[in-house]
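Here is what each chain is made of, one letter per residue.
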Amino acid sequence: MFWVLLLLLAWAAAGTACTRLCLAAVHTAADDADAEADVRRHDLTIYEAAFLSGGPGRVADLTMVSMARQRRLLLAHTGWATVVDPRGRDDMERSVIGAIGPEGQSRIAPVRAAAASADAVAGLADRLVDAGLAVPAAARTTVSAGVRQVKLAATAVLALGTIALLVPAQPDMPRGLVALWFALPLALTLSCLAIARVEVHPYSRWASPAGQRLLGALTRRPGSGDDRTYLTSVAVRGVRAIGEPDLRAAFAHRDQPWREPHTGGA
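In this text the structure is predicted, and so the values were computed from the model without any measurement.

## Things to note about the sheet that holds strand β3 (residues 105–107)
Working step 1: Read from one edge to the other, the open sheet built from three strands follows the order β1-β2-β3, with strand pairing classed as antiparallel. Looking along the sheet, the strands with just one partner apiece sit at the ends: β1 (73–75) and β3. Ignoring which end each strand starts from, the neighbouring axes of this sheet average 20 degrees apart.
Working step 2: Where strand β2 (residues 80–83) and β3 come together, three bridges link them in antiparallel fashion. Bridged to tryptophan 80 within β3 is arginine 107.

What follows is the structure, given as structure tokens:
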């Protein structure tokens, strides 16, 4: 009856993992339902659209593009940012200027990283989460962790079933029937993963379903060709929406680590 103990372990692993994933999904869905009525009249700003589309890094990119188009920040195609006007018009711009530093010039990559982690972006994220438009970090990690646990449980069921089939045959149970018993918890984990894939699919990394609907409505609005329409496109699509080749080339360096050039003497 050794295989029965292995089967109990398989059911325990599958049941625990699937229950945790279902609870996480139900909790997230309940939060979305509670927030649905509060977001119908919300009019997204371009900073909010940037965060919901691409997270903190997208907000930093949008801020630098906006300042560059107003000639208050010079973004060179070599990947350097130079402050022209040190007076920021909002918290996001002040974060970028502060990240560049007192010398007024810095590589874009560290500026982007510092601006993306600034308090202004964190406050924006908190407001979007409170409004039900952004996915809370805890919800993202809980659902993702639940999916990983179910995958591990499926692997454990396969391993336990294999061990049960490799032990000497039991006179009271044919091997085919043993395999069938282990197929049941395996089917539970696989079906739970399939359902989770369908149900969790509407979620992006940053925007909740309500936030995605507002983003969709924002992109469907007819453009007027003005600066706000341009910046909205950058907020939603990222730097690939930048029309100027030199400005787009400047952001090609944004994710590259920068090292101080070696100036050692002879």
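## Focus: the packing of aromatic side chains
Working step 1: Scanning the model with the defined rule gives one aromatic pair in all.
Working step 2: Sitting over the face of the ring of tyrosine 230, arginine 69 holds its NZ or CZ atom 3.8 Å from the ring centroid.

## So, the confidence of the model for the protein chain
Working step 1: Residues at a pLDDT of 70 or more form 83% of the protein chain, whose mean pLDDT is 83.
Working step 2: The least confident element of the protein chain, judged by mean pLDDT, is helix α1 (residues 2–36) at 80; the most confident is helix α3 (residues 91–100) at 96.
Working step 3: Predicted confidence for residues 256–266 stays below pLDDT 50, and this span has three contacts to residues more than four positions away or in other chains.

## A word on the state of the cysteines
Working step 1: Throughout the structure, instances matching the rule amount to zero disulfides.
Working step 2: A disulfide-free cysteine, cysteine 22 has its sulfur positioned 4.3 Å from the sulfur of cysteine 192, the nearest such atom.
Working step 3: Cysteine 192 carries a free sulfur, and the closest cysteine sulfur to it, the one in cysteine 18, is 3.8 Å from it.
Working step 4: The exposure class of cysteine 192 is buried, given its relative accessible area of 8%.

## Examining unusual backbone geometry
Trans is the prevailing form of peptide bonds, just as negative phi is the prevailing case for residues other than glycine.
Working step 1: You will see that arginine 71, though not glycine, has its phi angle at about 60 degrees, which is positive.
Working step 2: Tracing the sequence through the fold places arginine 71 in the loop between α2 (46–69) and β1.
Working step 3: A relative accessible area of 63% places arginine 71 in the exposed class.

What counts and what doesn't
Residues numbered from 1 in each chain as written. Predicted model: local features only at pLDDT ≥ 70, side-chain atom pairs only at ≥ 80, totals over all residues. Heavy atoms only, no water. Pairing = 2+ DSSP bridges. Helix = DSSP H or I, 4+ residues; strand = E, 2+ residues; numbered from the N terminus. Axes fitted to C-alpha atoms, helices over the stretch in contact; angles between N-to-C directions. Phe/Tyr/Trp six-rings, centres within 6.5 Å; stacked < 30°, edge-to-face > 60°. Lys NZ or Arg CZ within 6 Å of the ring centre and 35° of its normal. pLDDT = per-residue confidence, 0-100. Contact = heavy atoms within 4.5 Å. Disulfide = S-S within 2.5 Å. Buried < 20%, exposed > 50% of the residue type's maximum accessible area, 1.4 Å probe, protein only.

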